[in-house]
Structure formats: structure tokens, C-alpha cells
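Structural description and commentary
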Amino acid sequence: MIQMSELAAALPPLRKCHRKGKKQMIIIKPRLKEIGISEKPSFYEPSAEEIKEYEKLINTQVEKFGLLDPLDIEPALIFMA
Amino acid sequence: MISSDPQSWTIESLSKALRKKEISPVEVTKVCLERINSYDSKINAFITVLPERALKTARQMEKEILKRKYRGPLHGIPYAAKDLFFTKGVRTTCGSKILKEFVPKYDATVISRLNSAGAILLGKLNMHEFAYGTTSVNPHYGPVRNPWNRERITGGSSGGSAAALVCSFALLTLGTDTGGSIRIPSALCGVAGLKPTFGRISKYGVYPLCWSLDHPGPMAKRVMDLAIALNILAGYDPHDPFSAQENVPNYQRALTKNLKGIRLGVPKEYYFDHLEGEVQQAVSQAIQELKKIGAKILPISIPHLPEFSAAAFISLLAEGAACLEKWHKTRAEDLGKDVLGRLNLGSAIKATQYLQAQRMRRIAQETFREVFTKVDALITPQLPIVAPSIGQETISIGDFTEGVASALTRFTRIFNLTGLPTISVPCGFSASGLPIGLQIVGQAFAEGTILKVGYAYQMNTNWHMRRPDLA
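Criteria and thresholds
Residues numbered from 1 in each chain as written. Chains lettered and ligands numbered in written order. Predicted model: local features only at pLDDT ≥ 70, side-chain atom pairs only at ≥ 80, totals over all residues. Helix = DSSP H or I, 4+ residues; strand = E, 2+ residues; numbered from the N terminus. Buried ≥ 20, exposed ≤ 12 C-beta atoms within 10 Å, placed from the backbone. Contact = placed C-beta atoms within 7 Å. Nonpolar A, V, L, I, M, F, W, Y, C, P; charged D, E, K, R; others polar. Pairing = 2+ DSSP bridges. Axes fitted to C-alpha atoms, helices over the stretch in contact; angles between N-to-C directions. Parallel < 35°, antiparallel > 145°, perpendicular 65-115°, else oblique. Left-handed = near helix turned anticlockwise from the far one by under 90°. pLDDT = per-residue confidence, 0-100. Expected span 1.5 Å × (residues − 1). Right-handed = clockwise from strand over helix to strand, strands pointing away. Core = buried A, V, L, I, M, F, W, Y, C linked by C-beta atoms within 7 Å.

1. As for the environment of B:N250
Residues and elements named next belong to chain B. With respect to the secondary-structure elements, N250 resides in the loop between α7 (223-233) and β11 (263-267). By the C-beta count within 10 Å, which is 11 here, N250 ends up exposed. The spacing of N250 and T380 is 130 residues in sequence and 26 Å in space, taken between C-alpha atoms.

If you want it as C-alpha cells, here you go:
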């Protein structure tokens, strides 16, 4: 579980803002909301074992189309899909 | 004269009767509300019913007809919307506990269009939580029950939208389709459902699941009614960045009773693997019927279909996890177990895997572009199975066993990846009395062609006229 305070500490711009005082914190808070981070203190994360299981399941699907050769299609078209 | 049996009403027949003043919008709305009141406790199609608002609008529509102000074929027609279409002042739960009290401040574009056309909103329909599932077994509002057998699922995620039509609670419903969510319940409940081309119908005010895969669309008892609704719903919307600036033809005018000159492709691979016997038989008969009414049937080979299906699956999981990330991270305890599992799975997808899936999407689009130089439409089974039981987790067909969700999306999700238009029409019933669906796929923005095929098929068969006994 990541605490909100830990997250704030992990982000350099936030640490700077703490030092500069309250005024800039007011700017930061709405930015966090905009990117979907709630002010709730904890985040849900599946366990490491669960994530391994999920990765296994995903890989069985991804194996079906595998690694495409970069030259298979025009690279400029990739992001037009 | 309009029939006294509301089960036989269609938008086409009712709109003529309303215009001729054989019946009033208030009478029609009261009949629908009475049916909801009598039968929905058994089916659970609605999350919110709006009797006062519906009757108020109906009275307004009646006044206008009496003053000869006629808005068009949806004037006075009762409709209902899946509970993820924003409705100003009416709660929109998305089938979730998290948004139980969410009341939007504006109408989705499609809701505005239907209201302006004179249609009457009866309420908001039950669905799979956040549209992220194929059963409509909702942990917060209860399962939607299949009107043909209440122990079976309706399919999802637009389960309430299909059930409400079969029960004649409404004449038109709105659904959304991200991996099959309009077509699956349409097939399992025996109604007609249209997933239009990506960008054909506005997504403004529709709660998203996957930005590049979501398709809103109409559901109705008959294909003619889908055409009438699409005339109103289709068209460019500047509020939706994905909206297409494509010409909107008159879809009704394209409908004919025969299919002379139409080339229908039947895929040689993938779509006829692991099918229940009764489904195989019904679809084969439907293909023969289409041949009888003038279509040229062409077996066609389409490469890489399993790869396209896997790319659709990865895209859906990754985008779903991104779209619902906020709720996944902060309200996991309020999500249903199955939705939480899918979000966990989607979060474990790497950016490289998602991007390879998008490259596969491009190949899929090119492949189908090539296919549609040879045929005008494709015909496939809509689903490999009939409605499973509520709570059932796996399906066995011979030696082949798979999860219910996998079986229900195997034939549908490729067309979310490609964005191509498809409709589902009923094409038979199993010995146990459960509907079987036929999928008709067209090239981009060729909704007119697939509606024409579906309409001609319905004019020469009567599967769409069967109704369940609700007593």
C-alpha cells in the first residue's frame, strides 16, 4: 500500500513545493485530481503472486500474435489504429 | 388499426398509429409503465423507472400531435437507456455501487437527439457493472434475468436493454458495445441489435470503458426499427473527438425484401469452430434462406482471426484498466469480484504488449478492407452457444471447454477492434426454447447494407415475432 504522503515525498516537484510554502501546494492538489489520484490515503494493489498469475494469463494471449517485425507494417501507421 | 397486444407493437407500426391518432402517446406510455410494474420484478431490467417524467413528456407529445406538430417517426415512442448514458437530473449508476448517487448535469448527445425527436424516456436499464462483463449478473442491483428462461443470463453488458424489448417494456433501447455488449444480449434474448461503425454515433455523455472500442447503438424488436432509430442517432457531433464526419443516408429507404446482387461472405475459418449443434444448424438454415432470397453466398478465407481476437482481448483489458483506474486504485472494495479481476489483469499488461496489439489492429483493418472488396457483407453465428445459466462459469462443447466470457466474446470482439458495423438478428431457437442469433458484418459506414440484409431476412422468416410467456 502506498500512502499519499509517501507518494508526495517520492515526487521531486512536490518536495520542492513543500519547501516553498503553502501557496504552490494549492496548485499541485488540483493537478493530482486531474490525473485521477484521489486524496484517499491508500491505493489498492494486487499481491506480487497475483500479478505473476495475471502476467501468465496475458502472455498466453500475447503469444498468439507475438512480437511483430518492425518492418511488417509502415511505422507511421502504428498510431493511426 | 394498431393491435391491442403490445407484444406485437413495433416502432414502425406504432408510429403510424400515433400519427393517425389511433392511439395517443399517453396511452402507449401507460401500457409500457403497466408492463414494467407487472413484470419487471421477475426480470430486473430497470435500475430506475421514471413514471412521472415519462407521463409528463407523453402528455406534451400528445398535445403536439393534436396541434399537428409531428416531430417524426419517434414522436411518442417510449424508450429506455442503459444506465451509463448521461441523463440530466436522473441518476446514472453505470451499474455500480461507486456511482450509485451520480446525477449528471447534462444529457448524452444520443439522449438529446431522441428527446428532440419526441421519444419518451421511461427509465434507466440494468447492466453489467461499468459495462465490463458479458453476463449482466450485477452484484449491486441483481442479475437481469432472461425472459425466455429466468434461470438463464441475458448476456451483457446491455442485458437490461435486451430484456426490456423482449418484454415490451419499451419499443427502443440504447446499449453500448465494447467487446460484444449489444450483440451478445440481442442474440441471447432474441432481439435486433446494431453496433454501428466506430464514430457513427456520438459517445459524448456515455461513461467510457475503452476509448477506442466503445460503440453506442440502438436495440429494437426488428431491423426496420433499428433503421428508423439510426436515422436519428447517427451523425457528426463536435462534442465527441471520435465522431466521424460521414454522410448519413436514409437507412429506411435502403431496405428491400430481396437481396438480388448482394454478395455474402461466409468465413471458412474460426467462426464455425466449437459451435453448439443447434447453433450450427440454425445458422446453416439462415444462410440457405438468404440464398433463396437472392443473395450470392461466397465461402471466404480470412487469415489471422485468432490473432485478431487476442489483440482485441489485450486492447480491451488494457484500455479498461486505464479508463477505470481511478476506481480500481481507490474503491476496489466497492467493485464486483469479476470486474476487479479484469482490472487487475489489465493492469498487468505492458505498454509494449498493448502497442503490439495496436499494430495487429492495423493488420486486421487492412485484412477486412481486402475482404470487403470481394463481398458486401459477412455472415457468421453471433455466438457459439445459447444463454448459459446464471452463475455458470464454463461451457463444454464436445471435448472443448472454455469460460463463459470467452465463449460469449469469441465471435464479437474482432469487430470492436476493427470498428466495423455489425447487427445481430434472431435466426432460430434451441429445443429448450432459447434464441439463437445471426451476425451480419459490413464494411465501414455501410450500415445500410447490413440493415438491408437483416431486414430482407426478417421479411422472409418469423423468428423475430416470437415472444416469451411472462405470466
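2. Some points on the interface of chain A and chain B
Listed by partner, the interface residues are 22 residues for chain A and 25 residues for chain B. Partitioning the side of chain A that touches chain B into residue classes produces 15 nonpolar, three polar and four charged.

3. Focus on the sheet that holds strand β12 (residues 296-300) of chain B
All names here are of chain B. In space, the eleven strands of this open sheet follow the order β1-β3-β2-β8-β10-β9-β16-β17-β13-β11-β12, with mixed pairing throughout. Each edge of the open sheet carries a strand with a single partner, namely β1 (46-49) and β12. Looking at each pair of strands side by side, their axes are set apart by 30 degrees on average, direction ignored. In this structure, strand β9 (residues 192-195) lies alongside strand β16 (residues 422-429), joined through three bridges in antiparallel fashion. Of the residues in β16, the one forming a bridge with G193 is S424.

4. Re unusual backbone geometry
Leave glycine aside and you will find that most residues have negative phi; peptide bonds, for their part, are mostly trans. All names here are of chain B. The omega angle of the peptide bond from G156 to S157 is 15 degrees, so this bond is cis rather than trans. Its identity as a non-glycine residue notwithstanding, R68 has a phi of 60 degrees, on the positive side. Within the fold, R68 resides in the loop between α3 (51-66) and β2 (78-82). Judged by C-beta crowding, with 8 C-beta atoms within 10 Å, R68 ranks as exposed.

5. Description of the environment of B:Q353
Note that B:Q353 resides in helix α12 (residues 351-374). The sequence separation of B:Q353 and B:A311 amounts to 42 residues, and the corresponding C-alpha distance is 9.1 Å. The residues touching B:Q353, leaving out its near neighbours within four places in the chain, are A:I58, A:V62 and B:I314.

6. Looking at the pairing of strand β8 (residues 172-177) of chain B
All names here are of chain B. With six of six residues buried, β8 lies mostly within the body of the structure. Neither face of β8 is exposed, since L172, L174 and T176 on one face and T173, G175 and D177 on the opposite face are all buried. Two elements, β8 and strand β10 (residues 215-220), share six bridges in a ladder whose sense is antiparallel. Of the residues in β10, the one forming a bridge with T176 is P216.

7. Examining the packing of helix α4 (residues 48-65) of chain A against helix α9 (residues 305-323) of chain B
The geometry of α4(A) relative to α9(B) is characterised by a closest axis approach of 8 Å and an angle of 135 degrees between their N-to-C directions. As the angle between them shows, α4(A) and α9(B) are arranged oblique. Regarding α4(A) and α9(B), the two cross each other, and that crossing is left-handed. Along the contact surface, α4(A) presents A:Q61, A:V62, A:K64 and A:F65, while α9(B) presents B:P306, B:E307, B:A310, B:A311, B:F313 and B:I314. Grouping the constituent residues of the contact of α4(A) with α9(B) by class yields seven nonpolar, one polar and two charged.

8. Focus on the confidence of the model for chain A
Residue and element names in this part refer to chain A. In the predicted model, chain A carries a mean pLDDT of 62, and 35% of its residues have values of at least 70. Here helix α2 (residues 12-20) stands out as the element of chain A with the lowest mean pLDDT, 42, in contrast to α4, whose mean of 91 is the highest. Counting interchain partners and residues more than four positions distant, the pLDDT-below-50 stretch residues 6-28 has seven contacts. Contacts from residues 76-81, a stretch scored under 50 in pLDDT, to residues over four places away or in other chains number eight contacts.

9. Some points on α9(B)
Over its 19 residues, α9(B) extends 26 Å from the first C-alpha to the last, a length consistent with the 27 Å expected when each residue adds 1.5 Å. The element α9(B) is extensively covered by neighbouring structure, given that 15 of its 19 residues are classed as buried.

10. What about the pairing of strand β3 (residues 120-125) of chain B?
A regular strand places its side chains on the two faces of the sheet in alternate fashion. Taking burial as the measure, the six residues of β3(B) include six buried ones, the bulk of the element. Crossover connection from β2(B) via helix α4 (residues 109-116) of chain B to parallel β3(B): handedness right-handed.

11. Some points on the nonpolar core
Residue and element names in this part refer to chain B. Among the nonpolar cores identified, the biggest contains 151 residues, and Y79, L122, A170, L226 and A311 are the most heavily contacted of them. Sort the elements by how many residues they give to this core and α9 lands first, with eleven residues. Residues within four places of A170 in sequence aside, it is in contact with C32, P78, Y79, A80, L122, A164 and L165.

12. Some points on the environment of A:I58
Inspection of the secondary structure puts A:I58 in helix α4. Residue class for A:I58 comes out buried when judged on the 20 C-beta atoms lying within 10 Å of it. Separated by twelve residues in sequence, A:I58 and A:P70 place their C-alpha atoms 22 Å apart. Dropping the residues within four chain positions of it, A:I58 is found in contact with B:L345, B:A348, B:I349 and B:Q353.

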